[in-house]
Each structure stands twice: as structure tokens, then as C-alpha cells.
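Fold and geometry: a report
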Amino acid sequence: MKLGMIGLGRMGGNMAERLRRHGHEVVGFDPHSDKADVSSLEDLVAALEPPRVVWVMVPSGEPTESTVTALGGLLAEDDLVIEGGNSNYGDSIRRATDLADKGIGFIDAGTSGGIWGLDNGYCLMVGGSDEHVAVARPIFDALAPEGGFAHVGPEGAGHFTKMVHNGIEYGLMQSYAEGYAILDRSDLGIDVEAALSAWRHGSVVRSWLLDLLVAALEQTPDLQGISGIAADSGEGRWTVAEAVRLGVATPVISAALFARFVSQDEEGTPMKVVAALRHQFGGHAIEKAP
């Protein structure tokens, strides 16, 4: 089938290529890419035959908001917008309602696979009506590996599921990071890279993330030159906020999120307070900053 792809970055560009490899015709638009087939949203819409299908793969927040709003003014009744970024599920529900008022369909497609998705496929967690999902199913079948597609519920459910997926990802990465740190600090002279590599075969903790950690250590032994700062892109915060709202205990995901906050605090203010208090009540020594 023929569709438009808005956003041709690391994810969108590879997704467009994978779709083409599976026989679909993709019209790409990205003002920041020389791989674009058209130079504007208006040209993209004009290049598609009704009923049109347009996949939006741009950063969450304002880029997605402005793109979906613009499409709402350009598309026609029975057209379909698929939004595959890491948007807040509440925004997706609102966008679906706004587009529905114009007769335009909306699917929120939580998408995981990163830069490896071109060859390995993408895990797709899709929210939308049965009717709209059926229209887009050939696209999903091309992008996802066998078993990697799920229609998880109505509009908003796709991005809610992806939010929880990324929250779990926070916890998994933090566990591997802490395990690495303990092994590395041991006074037994442990070959950490060898240990982690062995875990990849037969161990109950083997995973693709562990494969990637071993690959990272091969490329940068002892993590030389890598800063100890880890950004958080929002989904971890949303997952913890939803856990609080729903009354679900999530100590692992919450701790992993807070660990990222600590890594981003260049001043280390909370620990300065702790050090000062320990000095006050126990006379513990304070290490002076260089």
C-alpha cells in the first residue's frame, strides 16, 4: 500500500526503508533530511490517494503536536494518522478525539526496536479501533517480526503500553548497571566482561540488553571516556506517575528513574546535604570539593 512517513531520522528513516523492502510505497517528508521525497506536508498529502494513511515519526511534545494539528487541517474524512513517537497517552487520546471530529482516524503505535529495527523488525503496541487497525495492518505486518505486533486496546492504549515498556527498560538497565559496578569494584580481580558475556548463554538473566552491554564494553573497555550522566526522556516519569495514580507499587522502576535524576545533578546537592548532616550529628568527615 502507499503511505506517507513524516520524520526520516534514525527510526523513521529505517522504518520507511523496511516498508519499501516489503513492497510498500512510501512518500517521505522531513525538512531536516535530504532523503525526503516532498518538501512540505501539503505536498505529502497531495502525493497520496484517498483514503490516505500518514505515519508520524517525530519527537514527542511540540513537534508531534504541531504535526498532527497541521495534518488535521490538510487531511480529509476517512484518512488515517498513525502516531509512532513516545507521546503521553493522554495526548494521544485527545488527538484521537480532535481528529475524529473531522472524520479522520487515529492510531497510537508504541514502537520499539531502535536502530536495529530495519533488519530485526519493530515491536508494535497499537491503540485504536478495530476498523482503523485493519486498514493499517499490512503496514504493521511489514514492520513487525513474527509475534511482534499487538493491538492492545483503544486509542491511547498503545502509548500507555509503550510507556510501561520503557519504565521496565529503566529498571532492567539499572540492574545491569549496578551488577556491573559490584563486579568491577570487587577486589578479586574479576574479568567483568567475561562474566557478563557468559551470562548471555544459558543464564536466567540473559537478554538483548545484556548483549548490547557486552558490545558496549567491547567497543569501550572499562567504559573509558563515557560520562556518568543518563538522561530521562519522559516515559519513566509518566510510568511512575501512573503507578502512583493507580496505587501500584513500582520500587524498581522508581529507583531507576531517581538514579537518573542523581546522575544529572552536576552539583550533587542532595548528597551535599547528607554529608553536612552526617558531619553535624556524628562528626563524620566531609570531603572537600576539588
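Preceding block: the structure.
Residues numbered from 1 in each chain as written. Predicted model: local features only at pLDDT ≥ 70, side-chain atom pairs only at ≥ 80, totals over all residues. Heavy atoms only, no water.

For the rest of this paragraph, the subject is the overall build of the chain. Looking only at helices and strands, the chain has twelve helices and seven strands in total. For the chain, the C-alpha atoms occupy an extent of roughly 75 × 40 × 35 Å along the three principal directions. Counting across all 290 residues of the chain, residues that qualify as buried make up 40%. Within the chain, contacts between residues separated by at least 24 positions form 64% of all contacts whose residues are at least 6 apart in sequence. Surface accessibility of the chain: about 15,800 Å² in total, with carbon and sulfur atoms responsible for 56%. (Helix = DSSP H or I, 4+ residues; strand = E, 2+ residues; numbered from the N terminus. Buried < 20%, exposed > 50% of the residue type's maximum accessible area, 1.4 Å probe, protein only. Contact = heavy atoms within 4.5 Å. Areas by Shrake-Rupley, 256 points an atom, 1.4 Å probe, with all protein chains shown as cover.)

A few words now on the pattern of salt bridges. Considering all chains together, one arrives at 14 salt bridges under this definition. As a salt-bridge pair, D119 and R21 come within 3.2 Å of each other at their nearest N and O atoms. Remark: R21 occurs in helix α1 (residues 12-21) and D119 occurs in helix α5 (residues 117-120); sequence separation between them is 98 residues. Each member of the pair, D119 together with R21, is exposed. Ionic pairing is found between D79 and R52, a salt bridge with its closest N-O pair at 2.8 Å. With a gap of 27 residues between them, D79 in the loop between α3 (62-74) and β4 (80-83) and R52 in the loop between α2 (41-47) and β3 (53-56) connect regions that are remote in the sequence. By relative accessible area, which is 1% here, D79 ends up buried. One salt-bridge network, held together by shared partners, links E65, E83, D91, R94 and R95. (Salt bridge = Lys/Arg side-chain N within 4 Å of Asp/Glu carboxyl O.)

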